[in-house]
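Fold and geometry: a report
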Amino acid sequence: DYIVIVSVVAILIGEIIRRRMGRKASDKAAQGQYSAGDQSVHIIAFSSPAVLKGASWIEDRVIGRPTVSASDRPIFITSLARGGTTAFLNAMHELPQVATHLYRDMPFMTAPTLWNRLAGGEKRAVDRHERAHGDGLEIDLDTPEAFEEITWKMYWPQKYHSGIDLRRPEHDRMPKAEHFLRHHIDKVVQARRGQGRPEAQRYCSKNNANIGRIPFLQAAFPEGKIIIVVRQPTSHASSLLRQHKNFLKLHAEDAFVQKYMRDIGHFEFGRLHKPILFPGFVPDLYDTMSEDYWLNYWIKAFEHVLQFKTECSLVFQDDLRANPQDTMRRICGGVDINSKAEKFSGFFHGHPDKIVSEGFSPELLRDAENIYAELKSATEI
């Protein structure tokens, strides 16, 4: 009862604040940053896991439990950050059968249908703007995004300390949590059906942390499909370092940006950086401001992926750039989705990824190139 009451009050107060304060006609609002009202709603929503759990419960009572059953064959897109997963998710979102989280779901993402109605439905909109990464990708409320980690944080908070500890996944099985995840997947699909995607039937998430949860996902969702995006290692490591520096600056300039990223479980960069503790990865071996730290992180991540190279679908950013149509259709075929009518070339850069070697130690370069070659060979069998 306490959870329900708190959640009802939180949602109502949050929406009253948002509507009264609104978006101010300022440069920050035009750039898509949260207004004071939006920030207040966000703070209320993430004040306690009980609020988000209660919001889900309230939606079931007010809207009704989902009538769709979509949790049997979810699609999990993953890689390290900066691997090309956002572009790949955007391409998958082009498929009418696919349902993803949207920016529209925030901050009460556990109640996507109810919150959308309370917040104004189709009348609620923001201008398209470049996201905080400064990578040229533009977003609005109907852009897909990675919000699934919020649900993992709600049930496994002990995993997030100095690093994200996803080892020994067999010890993480929790029926109550897995039921919530499945129920949430059904909610997202039903929400998208009611928001202009009547053919939606396959939940698709982009979650970088899932690269460390492959055994768990295989056990919890045996009919699910896991897609791992692989980027050339030195280009990937260089991009990781650039974004780490970018978010160090953003976090220093705006405390809310740091809070927002913490709340949604994005610990990849900046002051929030918490590496996934892959087997053999030693966080203190290199300085996070060095190229070698991020290349070593790539090595340990994809050494881990090598164990599952024949069990997951691997897609290479080089292939998406060079031949997006055939590459996307191959992947879609592997997850049983018809993609013949869609055009994918606009989602990916048309030029090859730049391979760099300066700043990296020769030993790490050799190890990374060997792992990349082994992963490549797995897709050619």
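See the structure shown above.
The structure reproduced in this document is the subject of the present report. Computed from a predicted structure; not experimentally measured.

**Some words on the overall build of the protein chain**
Within the protein chain, the regular secondary structure consists of 15 helices and 7 strands. By residue count, 57% of the 381 residues in the protein chain fall in the buried class. Look at the contacts in the protein chain between residues 6 or more apart in sequence, and 76% of them connect residues 24 or more apart. Roughly 17,000 Å² of accessible area belongs to the protein chain as shown, and the carbon and sulfur atoms make up 52% of that amount.

**Overview of the environment of Ile299**
For Ile299, the position within the fold is in helix 12 (residues 291-306). Using a relative accessible area of 2% as the deciding quantity, one classes Ile299 as buried. Residues Ile299 and Leu364, spaced 65 residues apart in sequence, show a C-alpha to C-alpha distance of 7.9 Å. Excluding anything up to four places from it in sequence, Ile299 contacts Leu364, Asp367, Ala368 and Ile371.

**Let's talk about the sheet that holds strand 1 (residues 75-78)**
The 5 strands are arranged 2-5-1-6-7 in an open sheet whose pairing can be described as parallel. Strand pairing shows two members of the sheet lacking a second neighbour, strand 2 (98-99) and strand 7 (313-316), which therefore form its edges. Where strand 6 (residues 225-230) and strand 7 come together, 4 bridges link them in parallel fashion. Bridge pairing links Val229 to Val315 in strand 7. Of the strands in this sheet, strand 1, strand 2, strand 5 (202-206), strand 6 and strand 7 touch helix 5 (residues 85-93), which is tilted by about 150° from strand 1. Where helix 12 meets the sheet, its contacts fall on strand 6 and strand 7, and the angle it forms with strand 6 comes to roughly 145°.

**Some thoughts on the nonpolar core**
Grouped together as the largest cluster of nonpolar side chains are 86 residues, with contacts concentrated most on Ile150, Ile228, Trp298, Phe302 and Leu375. Top element by residues in this core is helix 12. It accounts for 10 residues. Excluding residues within four positions of it along the chain, Ile228 makes contact with Thr78, Ile214, Phe302, Val305, Cys312, Ser313, Leu314 and Val315. Counting 21 residues, the second largest nonpolar core, distinct from the first, contains Ile77, Cys204, Ile227 and Cys332.

**Description of the pairing of strand 6**
Of all the 6 residues making up strand 6, 5 are buried; the element is thus mostly covered by neighbouring parts of the structure. By the bridge criterion, 4 bridges tie strand 1 to strand 6 in an arrangement that is parallel. Looking at the pairing, Phe76 lines up with Ile226 of strand 6.

**Side note on the packing of helix 5 against helix 14 (residues 324-334)**
Remark: helix 5 packs on helix 14, axes separated minimally by 12 Å, with the N-to-C direction vectors making an angle of 70°. Relative to helix 14, the element helix 5 is oriented roughly perpendicular. Contacts from Phe88, Ala91 and Met92 in helix 5 reach Met328, Ile331 and Cys332 in helix 14. Per-class residue counts for the contact of helix 5 with helix 14 are 6 nonpolar, no polar and no charged.

**Quick look at the pattern of salt bridges**
What the rule picks out here adds up to 17 salt bridges. Of the charged contacts, one joins Asp336 and Arg73 as a salt bridge, the two residues approaching to 3.5 Å between their closest N and O atoms. In this pair, Asp336 sits in the loop between helix 14 and helix 15 (362-379) while Arg73 sits in the loop between helix 4 (49-62) and strand 1, placing the two residues 263 residues apart along the sequence. Given a relative accessible area of 48%, Asp336 falls into the partly exposed group. Taking the relative accessible area as the measure of exposure, Arg73 reaches 32% and is therefore partly exposed. Residue Lys259 is joined to Asp263 by a salt bridge in which the shortest nitrogen-to-oxygen separation is 3.0 Å. Placement of both Lys259 and Asp263 in helix 11 (residues 255-263) is noted, with a separation of 4 residues, approximately one turn of the helix. On the accessibility criterion, Lys259 (24% relative accessible area) is partly exposed.

**With respect to the side chain of Lys300**
Along the chain, Lys300 falls in helix 12. Contact partners of Lys300, with chain neighbours within four places excluded, come to Phe278, Pro279, Gly280 and Phe281.

**Details of the packing of aromatic side chains**
The description of an aromatic ring pair uses the distance of the two centres, along with the angle that the planes make with each other. Tallying each qualifying case throughout the model produces 19 aromatic pairs. Between Tyr103 and Phe147, the aromatic rings sit 5.6 Å apart at their centres with planes inclined by 90°, giving edge-to-face as the arrangement. Separated by 44 residues along the polypeptide, Tyr103 in the loop between strand 2 and helix 6 (112-118) and Phe147 in the loop between strand 4 (138-139) and helix 7 (149-155) bring together distant segments of the chain. One exposure class covers both Tyr103 and Phe147, and it is buried. Here the aromatic residues Phe247, Phe269, Phe278, Phe281, Tyr293, Trp294 and Tyr297 are joined through ring pairs into a cluster of three or more. Above the face of the Tyr155 ring, Lys53 is positioned so that its terminal group lies 4.4 Å from the ring centre.

**Side note on helix 3 (residues 36-45)**
Within helix 3, burial applies to Gly37, Asp38, Val41, His42, Ile44 and Ala45. When helix 3 is viewed along its axis, its buried side chains cluster within an angular range of 160° and face the same direction.

The rules we used
Residues numbered from 1 in each chain as written. Predicted model: local features only at pLDDT ≥ 70, side-chain atom pairs only at ≥ 80, totals over all residues. Heavy atoms only, no water. Helix = DSSP H or I, 4+ residues; strand = E, 2+ residues; numbered from the N terminus. Buried < 20%, exposed > 50% of the residue type's maximum accessible area, 1.4 Å probe, protein only. Contact = heavy atoms within 4.5 Å. Areas by Shrake-Rupley, 256 points an atom, 1.4 Å probe, with all protein chains shown as cover. Pairing = 2+ DSSP bridges. Axes fitted to C-alpha atoms, helices over the stretch in contact; angles between N-to-C directions. Core = buried A, V, L, I, M, F, W, Y, C linked by side-chain atoms within 4.5 Å. Parallel < 35°, antiparallel > 145°, perpendicular 65-115°, else oblique. Nonpolar A, V, L, I, M, F, W, Y, C, P; charged D, E, K, R; others polar. Salt bridge = Lys/Arg side-chain N within 4 Å of Asp/Glu carboxyl O. Phe/Tyr/Trp six-rings, centres within 6.5 Å; stacked < 30°, edge-to-face > 60°. Lys NZ or Arg CZ within 6 Å of the ring centre and 35° of its normal. Arc of directions from axis to C-beta.

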